[in-house]
Structure formats: C-alpha cells, structure tokens
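One letter stands for each residue in the lines below.
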Amino acid sequence: MHIKGSTFLVTGGASGLGLATVNRLIAHCGNVIVADMQQGELPSEAVYIRTSVTSPDEVQAAVDLAFSRFGGLHGAVNCAGIGNVVKTVSKKKFGALDAARQIIEVNLISTYNVISIASTPMAKQEPNADGERGVFINTASVAAYDGKVGQAPYSASKGGVASMTLPLAREMAQYGFRVMAIAPGAFETPMVARLPGKASEELVQTIPFPPRMGKPTEFAQLVQDIIENTYLNGE
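Basis of the calculations
- Residues numbered from 1 in each chain as written.
- Predicted model: local features only at pLDDT ≥ 70, side-chain atom pairs only at ≥ 80, totals over all residues.
- Heavy atoms only, no water.
- Helix = DSSP H or I, 4+ residues; strand = E, 2+ residues; numbered from the N terminus.
- Rg over C-alpha atoms; globule rule 2.2 N^0.38 Å.
- Buried < 20%, exposed > 50% of the residue type's maximum accessible area, 1.4 Å probe, protein only.
- Contact = heavy atoms within 4.5 Å.
- Areas by Shrake-Rupley, 256 points an atom, 1.4 Å probe, with all protein chains shown as cover.
- Lys, Arg positive; Asp, Glu negative; His and termini not counted.
- Charge placed at Lys NZ, Arg CZ, Asp CG, Glu CD.
- Core = buried A, V, L, I, M, F, W, Y, C linked by side-chain atoms within 4.5 Å.
- Salt bridge = Lys/Arg side-chain N within 4 Å of Asp/Glu carboxyl O.

A. Just the overall build of the protein chain, in detail. Scanning the protein chain for helices and strands turns up eight helices and six strands. Counting from the amino terminus, the protein chain carries its helices and strands in the arrangement β-α-β-β-α-β-α-β-α-α-β-α-α-α. The C-alpha radius of gyration of the protein chain comes to 17 Å, within 12% of the 18 Å expected for a compact globule of 235 residues. Counting only C-alpha atoms and orienting by the principal axes, one finds that the protein chain spans roughly 55 × 40 × 35 Å. Out of the 235 residues belonging to the protein chain, those deemed buried represent 47%. Pairs at least 24 residues apart make up 68% of the contacts formed inside the protein chain by residues separated by at least 6 positions. When the accessible surface of the protein chain is totalled, it reaches about 11,900 Å², and 53% of it is carbon and sulfur. Taking the average place of the 19 positive charges on the side chains of the protein chain and the average place of its 20 negative ones, the gap between the two points comes to 7 Å.

B. Layout of the nonpolar core. With 27 residues, the main nonpolar core has Leu 9, Leu 73 and Phe 136 as its most contacted residues. At six residues, helix H3 (residues 95–122) tops the list of elements feeding residues into this core. For Phe 136, the residues in contact, after removing those within four places along its chain, are Ala 76, Ile 115, Ala 118, Ser 119, Met 122, Met 172, Phe 177, Arg 178, Val 179 and Met 180. Leu 17, Ala 46, Ile 137 and Met 180 belong to the second largest nonpolar core, which has 25 residues in total.

C. Expanded view of the side chain of Ser 6. Its location among the elements puts Ser 6 in the segment before strand S1 (7–11). A residue is classified by how much of its surface remains accessible, and Ser 6, at 9% relative accessible area, is buried.

D. Representation of the pattern of salt bridges within the structure. Applying the stated criterion to the full structure yields four salt bridges. A salt bridge links Asp 98 to Arg 101, with the nearest nitrogen and oxygen atoms 3.6 Å apart. In this pair, Asp 98 and Arg 101 both sit in helix H3, three residues apart, roughly one turn of the helix.

This is how it looks when you write it as structure tokens:
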C-alpha cells in the first residue's frame, strides 16, 4: 500500500509513538485523522478529533470523519495506551482491580474496538491492485513477553494485543485486510518518563545494543515499512 493519497486513523496520535507516526505519514503525503484526548502540537495537515478510545460512539465519529473528510480509510494505527504501575497487594479495597481494569480496557479492549468499528465500512471499499483494502497496526510491548514487577495488568493487556494479531489476520484476510503488531521495548515517550524513581534508567541497563531507549521516529519508520510491504501480515 502506498502512503501517498491513503488515509490513516492514528489513536493516541498527539504524543509519543503516535505523534511520530502522524508526522511520518504526513511527510509521505498521507491523510491522517488523529484520535486522542488532547490535541497537543500536531502538524497543521493532521485532522484532530477528541476521542476516548474506550467510547464506541467517539471511535465511530473518528472513523466517520475519515470518510466524510477524505472519502475513505485505508489503515488504523493503534497507539493509544496507558501503563501505570499496579501493585497487586493493594492498600485500597479493589484498588488493584480498578487500576487493572482501566489498563486492560484502554490497551486491549479499545484496540479491538477500533479495529471492529473501522473495518466495517473499510470492507466496502474497492481494493487496490494487490487486492488490499486496509492495514491495522497495533502496539503491543516487550512487556507482553518480559514484564517487570508492577506490570501484571499492563503485560496482560499487551500480551492480548500480541496474541490476537494472528487470529485477526486470518479472519480479516477475506476482506483484503492485514493485521500487524509492533512490540517496542523502552522508548522515549511520556509514558516511560512517568515511571517512578530510577525505573527508566534500569530499563536502559537491560538493553544490550544500542545502549539507549528507542526513538519514536524509529517506531514510526517501522509503521511505514509495514504499510508499504504488503507481504507483512499476522506477526
């Protein structure tokens, strides 16, 4: 799929990995709808709509905006997420459960929600020369495979994102859709910056090479590669 002239929905696109993705898609002449709770400092070409990804109605409004503004939708990049540290032994009654439920709802259920809502009208579009109608790129995490203390709900949510990739790709193939997930390690994002104490420094110490955090632009470069390489699917 060519980015130029195609339209993409980026959730969580106002900061971090999402913002880097938005910038890269626009730099390659793509149309971008940014669905986020805050607008931030977006490029002027991006079209922003305030969206809580946990709300089906608000996600539907973002998808509808893509069709009304640009005449279609060719991909969704799910970057919206939260990553609070949760101690399972909680001082508050049901405190851990409430925090875990929020993380799983935002990171996992909302990712599935965006795909389900967006894919319905996308399936009615004419396919391109390769028979492709769209691509869905989701954000998992290294925590899906190597979670740290306090990451149990976060790891579970990102593990869910990773594990639903293949069955979704198999199901969506009949419509000409591809489904991929990226599992980034420690990246320079506002979420990582909010980690308590020296947690971010400890993360860097576990990285063999290069001994640094990833840059959001590197995540965005992989998003571009996935979009443009039609043979990448289900991984």
